[in-house]
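Below, each chain spelled out in residue letters.
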Amino acid sequence: MVGNLQKGPQIMSQFVVAKRDTHIMNMHNMEDEKAIVKGTRMFHITSDKQTRYLEPDEICVYLPEYEKVHFTYKGDWE
C-alpha cells in the first residue's frame, strides 16, 4: 500500500464556529437534540454520504464527544 490511501469515500471537513447559542440534531434520531453555546468549534462534514439528505440551509457537524454526526442550520455558524 502506498501512502495513506483509504477505501471508500473520503470525508472532507473543516472547522465551523457557532455565531450564537444554537442546537444540533442527530442525523439518525431527530429527537436527540443538543444545545450548543456561542463560540463552540465543531468539524464541518462535507462528505456526500453524510450531506445528501440535508436541506440547502443545513450543514453537517461532528464533535467526538457527541459520537455521532449531527445537522444544524447553516446561518448559526461561521
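Computed from a prediction, not measured in an experiment: that's the story for all the values here.

Rules used throughout
Residues numbered from 1 in each chain as written. Predicted model: local features only at pLDDT ≥ 70, side-chain atom pairs only at ≥ 80, totals over all residues. Heavy atoms only, no water. Helix = DSSP H or I, 4+ residues; strand = E, 2+ residues; numbered from the N terminus. Buried < 20%, exposed > 50% of the residue type's maximum accessible area, 1.4 Å probe, protein only. Contact = heavy atoms within 4.5 Å. Areas by Shrake-Rupley, 256 points an atom, 1.4 Å probe, with all protein chains shown as cover. Phe/Tyr/Trp six-rings, centres within 6.5 Å; stacked < 30°, edge-to-face > 60°. Lys, Arg positive; Asp, Glu negative; His and termini not counted. Salt bridge = Lys/Arg side-chain N within 4 Å of Asp/Glu carboxyl O. Polar contact = N/O pair within 3.5 Å; in protein donor to acceptor, adjacent residues only side chain to side chain. Core = buried A, V, L, I, M, F, W, Y, C linked by side-chain atoms within 4.5 Å. pLDDT = per-residue confidence, 0-100.

1. Examining the overall build of the protein chain
- Each helix and strand counted, the protein chain has one helix and six strands in total.
- Along its sequence from the N terminus, the protein chain presents helices and strands in the succession β-β-β-β-α-β-β.
- Burial status across the protein chain gives 33% buried among its 78 residues.
- A sequence separation of at least 24 residues applies to 50% of the contacts in the protein chain between residues at least 6 apart.
- Taken as a whole, the protein chain presents about 5800 Å² of accessible surface, with 50% of it coming from carbon and sulfur.

2. Focus: the environment of Ile-45
- Its place among the elements puts Ile-45 in strand E4 (residues 41–45).
- Between the alpha carbons of Ile-45 and His-70 there is a distance of 9.4 Å; along the sequence they are 25 residues apart.

3. A closer look at the packing of aromatic side chains
- According to the stated counting rule, one finds two aromatic pairs in the structure shown.
- With centroids separated by 6.4 Å and ring planes inclined at 35°, the aromatic side chains of Phe-43 and Tyr-62 adopt a geometry described as tilted. Taken as a pair, Phe-43 in strand E4 and Tyr-62 in strand E5 (residues 58–62) lie far apart in primary sequence, 19 residues in all.
- Given the relative accessible area of 24%, Tyr-62 is considered partly exposed.
- Here the aromatic residues Phe-15, Phe-43 and Tyr-62 are joined through ring pairs into a cluster of three or more.

4. Describing the side chain of Glu-58
- For Glu-58, the position within the fold is in strand E5.
- Summary of buried charges: Glu-58 has no salt-bridge partner, and the nearest side chain of opposite charge, Lys-74, is 9.8 Å away.
- A polar side-chain atom of Glu-58 sits 2.9 Å from the main-chain amide nitrogen of Glu-55.
- If we skip the residues at most four places from it in the chain, Glu-58 touches Phe-71, Thr-72, Tyr-73 and Lys-74.

5. A few points about the nonpolar core
- Core analysis: the largest hydrophobic core is formed by nine residues, namely Val-16, Ala-18, Ile-24, Ile-36, Met-42, Ile-59, Val-61, Leu-63 and Trp-77.
- If we ignore the near neighbours within four places in the chain, the residues touching Ile-59 are Val-16, His-44, Leu-54, His-70, Phe-71, Thr-72, Lys-74 and Trp-77.
- With six residues, the next largest nonpolar core counts Met-25, Leu-54, Cys-60 and Phe-71 among its residues.

6. Description of the confidence of the model for the protein chain
- The pLDDT averaged across the protein chain works out to 84; a share of 83% of its residues lies at or above 70.
- Taken as a whole, residues 1–10 scores under 50 in pLDDT and shows one contact with residues more than four places along the chain or in a different chain.

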